[in-house]
Amino acid sequence: SQQGEEDPQALSIQEGENATMNCSYKTSINNLQWYRQNSGRGLVHLILIRSNEREKHSGRLRVTLDTSKKSSSLLITASRAADTASYFCATDRNGGSQGNLIFGKGTKLSVKP
Amino acid sequence: GAGVSQTPSNKVTEKGKYVELRCDPISGHTALYWYRQSLGQGPEFLIYFQGTGAADDSGLPNDRFFAVRPEGSVSTLKIQRTERGDSAVYLCASSPTAGSQETQYFGPGTRLLVL
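Residues numbered from 1 in each chain as written. Chains lettered and ligands numbered in written order. Predicted model: local features only at pLDDT ≥ 70, side-chain atom pairs only at ≥ 80, totals over all residues. Heavy atoms only, no water.

S.K.: Describe the interface of chain A and chain B, and please don't skip the residues or the numbers.
M.R.: Contact residues are listed per partner, giving 27 residues for chain A and 28 residues for chain B. Between chain A and chain B the total buried area reaches about 2000 Å² when both faces are included, carbon and sulfur atoms providing 43% of it. Of all residues in chain A, Arg 41, Leu 43 and Gln 98 of chain A give up the largest surface area on contact with chain B, accounting jointly for 27% of the area buried on that side. Counting the contacts that link chain A with chain B gives zero salt bridges. Taken together, the elements giving at least two residues each to the side of chain A that touches chain B come down to strand E4 (31-37), strand E5 (43-50), strand E9 (85-92) and strand E10 (101-103) of chain A. When the residues that make up the side of chain A that touches chain B are grouped by side-chain class, the tally is six nonpolar, 16 polar and five charged. (Contact = heavy atoms within 4.5 Å. Buried area = accessible area lost by both parts, 1.4 Å probe. Salt bridge = Lys/Arg side-chain N within 4 Å of Asp/Glu carboxyl O. Helix = DSSP H or I, 4+ residues; strand = E, 2+ residues; numbered from the N terminus. Nonpolar A, V, L, I, M, F, W, Y, C, P; charged D, E, K, R; others polar.)

S.K.: Would you mind going over a nonpolar patch on the surface in detail, with residue names and values included?
M.R.: On the surface, Val 12, Leu 113 and Leu 115 of chain B cluster together into a nonpolar patch covering about 270 Å² of accessible area. Mapped onto the secondary structure, Leu 115 of chain B falls in the segment after strand E11 (110-114). (Patch = residues over 30% accessible without salt bridge, like charges linked within 9 Å, V, L, I, M, F, W, Y side chains within 5 Å. Areas by Shrake-Rupley, 256 points an atom, 1.4 Å probe, with all protein chains shown as cover.)

S.K.: Give a detailed account of the sheet that holds strand E8 (residues 75-79) of chain B, specifying residues and quantitative values.
M.R.: Residues and elements named next belong to chain B. An order of E1-E3-E8-E7 is seen for the four strands of this open sheet, with the pairing classed as antiparallel. In this open sheet, the two strands that pair with only one neighbour each are strand E1 (5-7) and strand E7 (65-68). The sheet shows a mean angle of 15° between the axes of neighbouring strands, direction not considered. (Pairing = 2+ DSSP bridges. Axes fitted to C-alpha atoms, helices over the stretch in contact; angles between N-to-C directions.)

S.K.: Explain the state of the cysteines to me, using residue names and the numbers behind them.
M.R.: Scanning the entire structure with this criterion turns up two disulfides over all chains. With its sulfur 1.9 Å from that of its partner, Cys 23 of chain A forms a disulfide with Cys 89 of chain A. The S-S bond linking Cys 23 of chain A to Cys 89 of chain A shows a torsion near 65°; that makes this disulfide right-handed. Residue Cys 23 of chain A is located in strand E3 (residues 19-24), and its partner Cys 89 of chain A is located in strand E9; the two are separated by 66 residues in the primary sequence. A relative accessible area of 2% means that Cys 89 of chain A is categorised as buried. Covalently, Cys 23 of chain B is tied to Cys 92 of chain B through a disulfide, its sulfur atoms 1.8 Å apart. Handedness here is read from the sign of the S-S torsion; for Cys 23 of chain B and Cys 92 of chain B, about -65°, the answer is left-handed. Here Cys 92 of chain B lies in strand E9 (residues 88-95) and Cys 23 of chain B lies in strand E3 (residues 19-24), a separation of 69 residues in the sequence. The pair formed by Cys 23 of chain B and Cys 92 of chain B is uniform in burial state, with each residue classed as buried. (Disulfide = S-S within 2.5 Å. Buried < 20%, exposed > 50% of the residue type's maximum accessible area, 1.4 Å probe, protein only.)

Written out as C-alpha cells, the structure is:
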C-alpha cells in the first residue's frame, strides 16, 4: 500500500522558475528520501532527510521535514528543462529501519524551455 | 558493473505462463530489493534480501511470486501462472547494507506485459 501522497500530482512551470512538491505520510518514520524518475524507468536518489532534521540542502534542492504534520517538501530552484521527471518521496515502513521503502504516487514535473 | 542491471528489459508473455526476471546488483552490495510499479503509481515493495536470505517478503502479493538470491549477488524474481494484472515494471535496487538511511540504487527495470 502507498504510504504517502505527493501534491500536486502534476506541475508545469517555465525554465528558471522554482518548483515545490509536497509529500504527506501516515506513520512515524526514521528517514525520508526523495527520488527522481525519468520516463517511467529506474529511480535516482536525490536526498535523504532524517527524522531529527528539519531542513537539508543539496545544490538546487531544498528539502524540509515536519514530523508533527507528517509532511515534507522538495523545492527545486531555478528549474531547467532537464529537471522534467517524476519525483517521489519514500519512507521506511512503519518506523522500521530495514530500508524496504514505501513510495508515494509521485509528482510529474514538466519544465518548459 | 557500474550499476544495477536487469534483464530482460521487456518481457511479453501469455496468461498462465511462467516468467523469470533477473537482477544484477552493484558488486559488494549486501541488500537487494524488488519493487513493482504500475502505470501512474509509485514503486511498491515486494521483497528484500540481506545476503542470501529473504529478510522481508511481506510485499509479495501471493504465492505465485517467489524470489531467490542463492549466492548473495544475482537475484531472480519468479512469477508462476502469470495473470494480466501482473503487468507492470519490475524494479530492482541494491544498497551497501540494509537500512532506511541507505541510498538505494535502482536498475532500469523490466517491463512485463501479460497478454
